[in-house]
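# An overview of the molecular structure
So the chains spell out like this:
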Amino acid sequence: MRTLFDSRPHEECGVFAVHAAGADVARLTFFALYALQHRGQESAGIATCRDGVAHVHKGMGLVTQVFKEEHLRPLVGDRAIGHTRYSTTGASHLRNAQPYLLHTIHGPVGVAHNGNLTNATALRQELLAKGVGLTGESDTEVIAQLLAAPTAEREPDWEGRIARFMAVAEGAYALTILTPGALFAVRDPHGFRPLCLGEVRTEHGLGWAAASESSAFVTIGGRFLREVRPGEIVRIDANGITAHQAPVPPRPPSLCVFEYVYFARPDSRFEGQMVHQARQRLGRELAREAPCPEADLVIPVPDSSVAAAIGYARESGLPYNEGLMKNRYIGRTFIAPTDELRKSGVRLKFNAIDQNLAGKRVIMVDDSIVRGNTAGKIVALLREGGAKEVHVRVSSPPVRHPCFMGVDMATYDELIGHRLNVEQIRDHIGADSLAYLSHEGMMRAVTEGIRGADAGHCSACFTGVYPAARRGPPRSLP
Ligand code: SF4
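Let me begin by describing the structure that accompanies this report. Keep in mind that what you see is a predicted model, and the values were worked out from it rather than measured. (Residues numbered from 1 in each chain as written. Predicted model: local features only at pLDDT ≥ 70, side-chain atom pairs only at ≥ 80, totals over all residues.)

## Let's talk about the overall build of the chain
- What the chain contains, in helices and strands, is 17 helices and 23 strands.
- In the chain, once contacts between residues fewer than 6 apart in sequence are set aside, the share between residues at least 24 apart is 73%. (Helix = DSSP H or I, 4+ residues; strand = E, 2+ residues; numbered from the N terminus. Contact = placed C-beta atoms within 7 Å.)

## Thoughts on helix α1 (residues 25-35)
- Within α1, 8 of the 11 residues are buried, which leaves the element mostly enclosed by the surrounding structure.
- The complete set of buried residues in α1 reads Val25, Ala26, Leu28, Thr29, Phe30, Ala32, Leu33 and Ala35. (Buried ≥ 20, exposed ≤ 12 C-beta atoms within 10 Å, placed from the backbone.)

## Some thoughts on the environment of lysine 360
- Summarising the element assignment, lysine 360 is placed in the loop between α12 (354-357) and β20 (361-366).
- Remark: the alpha-carbon pair of lysine 360 and aspartate 296, spanning 64 residues in sequence, is separated by 5.9 Å.

## Describing the pairing of strand β10 (residues 205-211)
- Burial runs high along β10: 5 of the 7 residues are buried.
- Summarising the sheet, strand β1 (residues 13-19) and β10 pair through 4 bridges and their orientation is antiparallel. Bridging across to β10, phenylalanine 16 finds its partner in alanine 211.
- Relative to β10, strand β9 (residues 196-202) is paired through 7 bridges, and the arrangement is antiparallel. Residue pairing across strands places arginine 201 opposite leucine 206, the latter belonging to β10.
- What sits between β9 and β10 in their antiparallel hairpin is a turn of 2 residues. (Pairing = 2+ DSSP bridges.)

## Overview of the packing of helix α4 (residues 120-129) against helix α5 (residues 139-148)
- Two numbers describe how α4 lies on α5: the axes approach to 10 Å, and their chain directions differ by 50°. On the basis of the axis angle, α4 is oblique to α5. When the axes of α4 and α5 are compared, the crossing they make is left-handed. Contact residues: α4 offers Ala120, Leu123, Arg124 and Leu127, while α5 offers Asp139, Val142, Gln145 and Leu146.
- Classifying every residue of the contact of α4 with α5 gives 5 nonpolar, 1 polar and 2 charged. (Axes fitted to C-alpha atoms, helices over the stretch in contact; angles between N-to-C directions. Parallel < 35°, antiparallel > 145°, perpendicular 65-115°, else oblique. Left-handed = near helix turned anticlockwise from the far one by under 90°. Nonpolar A, V, L, I, M, F, W, Y, C, P; charged D, E, K, R; others polar.)

## Some details on the site of the ligand
- Looking at the ligand, the residues that line it are Phe192, Cys256, Val257, Phe258, Cys403, Met405, Val407, Cys458, Ser459, Ala460 and Cys461.
- A per-class count over the shell around the ligand returns 10 nonpolar, 1 polar and no charged. (Near = placed C-beta within 6 Å.)

## Some details on the sheet that holds strand β5 (residues 100-104)
- Reading across from one edge, β5-β6-β7-β8-β12-β13 is the order of the 6 strands in this open sheet, with antiparallel pairing throughout. Either end of the sheet is taken by a strand with one partner, and the two such strands are β5 and β13 (240-245). Neighbour-to-neighbour, the strand axes of the sheet open up by a mean angle of 20°, direction not taken into account.
- Here β5 runs beside strand β6 (residues 107-117); their pairing, made up of 5 bridges, is antiparallel.

## Points about the environment of lysine 326
- Along the chain, the position of lysine 326 falls in strand β18 (residues 324-326).
- Placed 24 residues apart in sequence, lysine 326 and phenylalanine 350 show a C-alpha to C-alpha distance of 4.6 Å.

If you want it as C-alpha cells, here you go:
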C-alpha cells in the first residue's frame, strides 16, 4: 500500500482473510496477523461480518499493541479480513490504517491491500471528479471506492465489481475483500505480491483462509492449499473456495524476487518451495561466485540472512557460527521510519558475540544492502567485538533501481547501489572486502527449487527492467 502525498511512498504489508462459521474469526485473524507481523509494523486492523453487519477495529502499532481482549470481543462474524501495515514517513496516520470498511448500496465492503497501484493518482482524480469524497491519501481507499461505485446494472455481483476494478487498475495488488456474502482473495495479473489459500479446522468444522504467506496458516493450525494465481479472483464462502481468472489480459508472472531474498518468513512457501531452501541456495551460489578461503568463520546478519549464511558455510567448508545477537523485539532496521532512526536503531538491535569473533577473519553474510545505513554499523560492531577482518558477502545483487510495486525503495537517491560502485560501498561500510551475488546466480538459486510451470519473477530493482509500465496510461473509470 502506498500513500500519494508521501515523499517516500513505499511499503510492504501483510493481508489475511478467513471464513469459518461458528469460530472466533477475529481471534484467528489476530494470530494470523501476528505471524505476518514482519510484513508491517506501523498499524494493524481486523474487520468482520455476519448477516450483513460489519465491524472493524484498527490502530497504530504492532498487532499486540492494537488488539486487546476488549477490542476482539465486539468483532463478531463468520468471516474476517486483517491487515498489517508497513511504516513510512509522513503516512504514519490512523486514517491510512487498514482494512478500509465502506457501507455501500450492496452492503458493507472491507478491503485489505498489499501493493501499490501505479495509476492511483489518475484513478483518484477521476473519483474526485465524479464527486466521490476520500478521507485519506491511500490508494487502498481508491480501491474500496472503485469496488463500491454504484453500477449495479452492469455488475450485479462482487465478482463483477472486482473484475471492473481490475480492468482499470495498474500495478501491484494482493487483496482480501470482505463482503456481506463472501470473502474474496485477488491478485494482480502480474502477481507481484504473494497471496495464498489455506484451510483451517476449528471445533465448528472446516474453514478457508487467504494470506500473504503460508506460514500464517500454520500459526492458526491450518494447512496451505495453493497460491492465488496472478489475475485470479477467488471467492471464499460457506461452501468453500471457487475461483476464476478475471477477464483481463494475461501478463507475464512477476512475483517479487525480494520475497525470497529478504521479505518473507523462511518457513513460508512460494512456487512449491520453502523460502529457507531458496535462501540456502542463494548462499551456496554466493560462496561459489565470491569465495574467501582465508577466512576463519561465516556469520549471518540475523535473522533474514541465517539461511544464506548456512548455505555459504556449507558450500565453502568454513565453520558457521553466530557473531551477532539480535534484539528481536525491535522492528527491522529496514522499516524504521526515518534515516535518522535507521542510523541509531542498529545499536539497539545488535550486540556482538565477542568470544566467537576475537581474532577471527569473519565472513559476514547479509541478504541485501539497500541504503547502506546498517551494514557499516554492523561491520564496526564486529570489529569492536574483536574481529580481525570483516569480509561482507551479499546474497543478492546491488539494488540500483527503485521499486514502484509497493516496496520501500521508491527513489534512486536513497539507494546506495545507485550512487556508489562496489568498491565505494566497501569503503563506505568499512569492510575488508565486499562482494555481491550476480543476478544470474540469484535467479538460478531461486528458480532451481520451483515446482510448477507458471513461475516468473520481478527483479527490476536489480536490473532496471520493469515487468509493467511504471505509470500506465490512465484508463477511464466505467
Ligand atoms: S522492483 Fe524489486 S522490490 Fe519491487 S517488486 Fe520488483 S523485485 Fe520486488
